[in-house]
Amino acid sequence: MTDISELRSRLRRAFERMLRYVNVPLASGMPSSFPECRDGDLTLRGLREQEIAVFSGWLRDLHLARYAFGLSLDADDSYIQGVVNDHISFLKQDRRSYVAICVNNKLIGCIYYHIRDIDGLRFGILGIFIGLEEERGRGYGTRSLDLLLGFLFGELGCSCVELDTANYNKVAQRTYEGLGFSVCADQRFYEGLPSPNDIELAPSVYYRLTKEQWQARHI
Ligand SMILES: CC(C)(COP(=O)(O)OP(=O)(O)OC[C@H]1O[C@@H](n2cnc3c(N)ncnc32)[C@H](O)[C@@H]1OP(=O)(O)O)[C@@H](O)C(=O)NCCC(=O)NCCS
């Protein structure tokens, strides 16, 4: 027989993970579907419903999922699988935040983004993974983030974009620093939101990039 308190506690943990990753209050300027942006062979566009299966297929690689979601090196496979399942459930309900990365029209990865207005300033937050292993290390992560940053600072009017990665994820750190992000102590994006304490995240490195810093690199 199912133990009700154990079931409740599992549901609460799943809900808290969702809160941390996906359930943030969205600014009203969040487009209902991501408008296509191009840079040569690279295109960013909204993730299509039929592509959710591809997205889910990539995340069957739990090593990729651990890195993509910055989970602790102690998190076991069933925990990682739970986080992946939460993401996929959310994605099925609301694809607004998910951007497809395509090279020559082939889907190779995904960027997840949100915007939030705090004290009259608009903040962006994002996460990325290149799902196809053979496409990593070929500059697509850097180029697609740069394209998305242009959209966040330009069309969406963000003043600042933040992101974070696990302390063990040296490739992500190099990628973000190469784009001009600087390490910071915390993330303003999540200010005032509940912070669940039993999520198995790795110690994180937080990054911030202001619009002025981004513009200075694109004169
Ligand atoms: C992190 C990630 C998005 C970077 O995108 P990418 O297309 O692979 O990276 P790029 O080719 O743009 O390279 C960016 C920098 O990382 C370096 N780099 C890329 N792959 C590397 C590797 N395997 N080892 C060492 N350095 C590497 C590049 O040399 C480049 O640095 P440089 O400009 O100083 O030379 C991608 O590797 C990925 O999806 N990884 C798995 C999931 C993940 O970690 N997501 C991030 C979660 S926060």
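Our subject is the structure that appears above.
Report on the accompanying structure. Worth saying up front: this structure is predicted, and the values here are computed from it rather than measured. (Residues numbered from 1 in each chain as written. Predicted model: local features only at pLDDT ≥ 70, side-chain atom pairs only at ≥ 80, totals over all residues.)

**Concerning the overall build of the chain**
Across its full length, the chain holds seven helices and eight strands. Counting over 219 residues, the chain shows a buried share of 31%. (Helix = DSSP H or I, 4+ residues; strand = E, 2+ residues; numbered from the N terminus. Buried ≥ 20, exposed ≤ 12 C-beta atoms within 10 Å, placed from the backbone.)

**A closer look at unusual backbone geometry**
Although it is not a glycine, asparagine 104 sits at a positive phi angle of roughly 45°. Mapped onto the secondary structure, asparagine 104 falls in the loop between β3 (98-103) and β4 (106-118). For asparagine 105, which is not glycine, the phi dihedral falls at a positive 70°. For asparagine 105, the location among the structural elements is in the loop between β3 and β4.

**Let's talk about the pairing of strand β8 (residues 204-210)**
Pairing between strand β6 (residues 160-166) and β8: seven bridges, direction antiparallel. Bridge pairing in β8 links cysteine 160 to threonine 210. Relative to β8, strand β7 (residues 182-184) runs antiparallel, the two being bridged by three bridges. Directly across from serine 182, in β8, lies its bridge partner arginine 208. (Pairing = 2+ DSSP bridges.)

**Side note on the site of the ligand**
What surrounds the ligand is a group of 22 residues, the closest being Arg136, Gly137, Gly141, Thr142 and Thr165. Looking at the shell around the ligand, the elements that each hand over two or more residues are α3 (62-69), β5 (121-130), α5 (140-153) and α6 (170-178). At five residues, the largest contribution of residues to the shell around the ligand is made by α6. Across the shell around the ligand, the residue classes tally to nine nonpolar, 10 polar and three charged. (Near = placed C-beta within 6 Å. Nonpolar A, V, L, I, M, F, W, Y, C, P; charged D, E, K, R; others polar.)

**Here's the deal with the packing of α3 against helix α4 (residues 77-93)**
Two numbers describe how α3 lies on α4: the axes approach to 10 Å, and their chain directions differ by 65°. Both α3 and α4 take part in a crossing whose hand is left-handed. Note on element contacts: α4 touches α3 through Asp77, Ile80, Gln81, Val83 and Val84, opposite Leu62, Ala65, Arg66 and Phe69. (Axes fitted to C-alpha atoms, helices over the stretch in contact; angles between N-to-C directions. Left-handed = near helix turned anticlockwise from the far one by under 90°. Contact = placed C-beta atoms within 7 Å.)

**So, the sheet that holds strand β1 (residues 37-39)**
Here eight strands make up an open sheet; going across it, the order is β1-β2-β3-β4-β5-β6-β8-β7 and the pairing mixed. What marks the edges here is a single partner per strand, and that holds for β1 and β7. The mean inter-strand angle of the sheet, taken between neighbouring strand axes irrespective of direction, is 30°. Set on the sheet, α5 makes contact with β1, β2 (42-46), β3, β4, β5 and β6; between it and β2 the angle comes to about 55°.

**Details of the environment of leucine 64**
If you trace the backbone, leucine 64 turns up in helix α3. By the C-beta count within 10 Å, which is 18 here, leucine 64 ends up partly exposed. Separated by 69 residues in sequence, leucine 64 and glutamate 133 have C-alpha atoms that sit 9.1 Å apart. For leucine 64, the residues in contact, after removing those within four places along its chain, are Trp58, Leu59 and Phe129.

**Quick notes on the pairing of β4**
Looking at chain direction, β3 and β4 are connected through six bridges and run antiparallel. Bridge assignment links alanine 100 to a residue of β4, and that residue is cysteine 110. Here β3 folds back onto β4 in antiparallel fashion, the turn holding two residues, of which asparagine 104 has a positive phi close to 45°. Summarising the sheet, β4 and β5 pair through 10 bridges and their orientation is antiparallel. Looking at the pairing, aspartate 117 lines up with arginine 122 of β5. Connecting β4 to the antiparallel partner β5 that follows it, the hairpin turn spans two residues, and aspartate 119 within it adopts a positive phi of roughly 50°.

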